[in-house]
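What follows is each chain in one-letter form.
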Amino acid sequence: MSEMMKLMEGRRTYRRFDQSGRVPEEVIGEILESARLSSSARNGQQLTFAVVEGREKVEEIFPMTHFAGALPKELGTPKDGEHPVLYILLLVEAGAKDPWIPVDAGIAAANMTMAAWVHGVGSCIMGAIDRKQIAEALAIPEKYEIHSAIAFGYPTHKSTIVPVGEDGSLKYYLDENKDYYVPKKEVSEISFRIR
Ligand SMILES: Cc1cc2nc3c(=O)[nH]c(=O)nc-3n(C[C@H](O)[C@H](O)[C@H](O)COP(=O)(O)O)c2cc1C
């Protein structure tokens, strides 16, 4: 397996984080650089990235970000002492209607989470967020709206890809150590060849 594929396998969603280490400035810089380098429809570069790094601000918006909808709250929501240490918000112009924005955001999020993971920084891409409350809490200028967020930190759990079980469920689950298992379909199920 190439180094790139190993990194891709390790770059999972992480939801519990070490509190002792901040994400170093150089790593934040590389995450933002990876966003800058991202492809975008028509090279439109419609995304702006708001880095929420102050501990107080991170803690203030934490309850406005919702983790692991597939799990009971007591299992999936990070407890005190497990919260992310950094958020980056993906912003777009308020009222923007371009249908490619979600694609651009997805590409940027994939690049950013990988740029972080190369340095051992785990992440959780987040759509289940209270956009209005976050915008208010952080005084995000009104010309923007929040598309999505990414939570970052050094993970304190493992996450492993597993085959889909016999019941066909794609729900991720935890073991007794609260390590994550994420069922993924086989390549043969998600692709076909045209010759
Ligand atoms: C667009 C998008 C939105 C997501 N939103 C959330 C979210 O709001 N909360 C959360 O805990 N995880 C969220 N996730 C993480 C997914 O649950 C996760 O990617 C999925 O369970 C597969 O795990 P994996 O990333 O390790 O492959 C989101 C992922 C994507 C791509």
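Described in the following lines is the structure provided in the data block. (Residues numbered from 1 in each chain as written. Predicted model: local features only at pLDDT ≥ 70, side-chain atom pairs only at ≥ 80, totals over all residues. Heavy atoms only, no water.)

## Remarks on the pattern of salt bridges
Between side chains of opposite charge, a pair can form as their charged atoms come close. In this structure the tally under the stated criterion is five salt bridges. Residue R42 is joined to D98 by a salt bridge in which the shortest nitrogen-to-oxygen separation is 2.5 Å. A residue pair is termed long-range when its members are at least 10 positions apart, and R42 in the loop between α2 (25-36) and β1 (48-52) and D98 in the loop between β2 (86-93) and α5 (101-117) qualify at 56 residues. (Salt bridge = Lys/Arg side-chain N within 4 Å of Asp/Glu carboxyl O. Helix = DSSP H or I, 4+ residues; strand = E, 2+ residues; numbered from the N terminus.)

## Considerations on the site of the ligand
Looking at the ligand, there are 14 residues lining it, with R12, T13, R15, A68 and K184 nearest. R12 places a side-chain nitrogen or oxygen 2.7 Å from an oxygen atom of the ligand. Between the ligand and A128, the relevant distance is 2.8 Å, taken from an oxygen atom to a main-chain nitrogen or oxygen of the residue. Contact with the protein chains hides 68% of the accessible area of the ligand, taken as 610 Å² for the molecule alone. (Near = heavy atom within 4 Å. Polar contact = N/O pair within 3.5 Å; in protein donor to acceptor, adjacent residues only side chain to side chain. Areas by Shrake-Rupley, 256 points an atom, 1.4 Å probe, with all protein chains shown as cover.)

## Points about the side chain of S40
Position of S40 among the secondary structure elements: in the loop between α2 and β1. Using a relative accessible area of 17% as the deciding quantity, one classes S40 as buried. Every residue in contact with S40, bar those within four places of it in the chain, is listed here: Q45 and D104. (Buried < 20%, exposed > 50% of the residue type's maximum accessible area, 1.4 Å probe, protein only. Contact = heavy atoms within 4.5 Å.)

## Focus: the packing of aromatic side chains
The geometry of an aromatic ring pair comes down to the distance between the two centres and the angle between the two planes. This model, assessed by the stated rule, comprises four aromatic pairs. On the numbers, 5.1 Å between centres and 15° between planes, the contact of Y14 with W117 is stacked. A residue pair is termed long-range when its members are at least 10 positions apart, and Y14 in the loop between α1 (3-10) and α2 and W117 in helix α5 qualify at 103 residues. By relative accessible area, Y14 is classed as buried at 4%. Aromatic side chains Y172 and Y180 sit 6.1 Å apart centroid to centroid with 35° between the ring planes, which places their arrangement in the tilted category. Grouping residues by exposure puts Y172 and Y180 together as buried. A cation over a ring is seen here: R15 above Y172, with NZ or CZ 4.6 Å from the ring centre. (Phe/Tyr/Trp six-rings, centres within 6.5 Å; stacked < 30°, edge-to-face > 60°. Lys NZ or Arg CZ within 6 Å of the ring centre and 35° of its normal.)

## Focus on the sheet that holds strand β7 (residues 180-184)
On the basis of which strands lie adjacent, the open sheet formed by three strands has the order β5-β7-β6 and mixed pairing. At either margin of the open sheet sits one strand with a lone partner, and together these are β5 (159-163) and β6 (173-174). Relative to β7, β5 runs parallel, the two being bridged by five bridges. Residue pairing for β7: P163 is matched across the bridge by K184. (Pairing = 2+ DSSP bridges.)

## Remarks on a nonpolar patch on the surface
A grouping of M1, M4, M5 and M8 is seen on the molecular surface, where their side chains present a nonpolar patch of about 430 Å² in accessible area. Mapping M1 onto the fold places it in the segment before α1. Classification of M1 as exposed rests on a relative accessible area of 66%. (Patch = residues over 30% accessible without salt bridge, like charges linked within 9 Å, V, L, I, M, F, W, Y side chains within 5 Å.)

## Re the pairing of strand β4 (residues 144-153)
Burial analysis of β4 places seven of its ten residues in the buried class, which makes it a mostly covered element. Of the strand pairs in this sheet, β2 and β4 are connected by eight bridges, and their pairing is antiparallel. Looking across to β4, one finds that I88 is bridged to I150. Note that strand β3 (residues 122-126) and β4 share five bridges and pair antiparallel. The partner of I125 across the bridge, within β4, is I150.

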